[in-house]
Amino acid sequence: MRRAASARIEGLQFAALHAVENAVSAGDQRAALAVLRGVGLLTGRPQIIGLTDPDRLARQNELKGQEERLWDDLAVYVGPK
């Protein structure tokens, strides 16, 4: 019974998301504001997007550089990405 209920709820999630998408696309301002509130964009505080810890930022940049070098190396064999 739990599996069936879980599957039904999962299906309802997709239906609910579709209904919200349709409402926002149709210009429903209340739905649009609810979405913005739900994702935290209307808190009145500036949004911090991404990492703020200097050590983690440095590591992220290091990994990005490594990834770019790997893509460059791979491009030699298969062409640019």
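Please read these numbers as outputs of a predicted model, since none were measured by experiment.

## Some thoughts on the overall build of the protein
For the protein, the helix and strand inventory stands at 3 helices and 0 strands. Sequence-ordered secondary structure for the protein, helices as α and strands as β, is α-α-α. The C-alpha atoms of the protein give 21 Å as radius of gyration, which overshoots the globular expectation for 81 residues (12 Å, by more than 25%). Principal-axis analysis of the C-alpha atoms places the extent of the protein at approximately 50 × 40 × 30 Å. Within the protein, the fraction of its 81 residues that count as buried is 5%. A total of about 7700 Å² of accessible surface is found on the protein, and carbon and sulfur atoms cover 58% of it. With 11 positive and 10 negative side-chain charges, the protein shows a separation of 12 Å between the mean positions of the two kinds.

## A look at the pattern of salt bridges
What the rule picks out here adds up to 1 salt bridge. Between Arg-59 and Glu-62 there is a salt bridge whose closest N-O contact spans 2.9 Å. Within this pair, Arg-59 and its partner Glu-62 are both found in helix α3 (residues 54–78), separated by 3 residues, close to a single helical turn. Exposure remark for Arg-59: the relative accessible area of 42% places this residue in the partly exposed category. Overall, Glu-62 belongs to the partly exposed group, its relative accessible area being 41%.

## Considerations on helix α1 (residues 2–25)
With 24 residues, α1 extends 34 Å from end C-alpha to end C-alpha; this agrees with the ideal 34 Å at 1.5 Å per step. Just past α1, the residue Gly-27 takes up positive phi, approximately 95°.

The rules behind the values
Residues numbered from 1 in each chain as written. Predicted model: local features only at pLDDT ≥ 70, side-chain atom pairs only at ≥ 80, totals over all residues. Heavy atoms only, no water. Helix = DSSP H or I, 4+ residues; strand = E, 2+ residues; numbered from the N terminus. Rg over C-alpha atoms; globule rule 2.2 N^0.38 Å. Buried < 20%, exposed > 50% of the residue type's maximum accessible area, 1.4 Å probe, protein only. Areas by Shrake-Rupley, 256 points an atom, 1.4 Å probe, with all protein chains shown as cover. Lys, Arg positive; Asp, Glu negative; His and termini not counted. Charge placed at Lys NZ, Arg CZ, Asp CG, Glu CD. Salt bridge = Lys/Arg side-chain N within 4 Å of Asp/Glu carboxyl O. Expected span 1.5 Å × (residues − 1).

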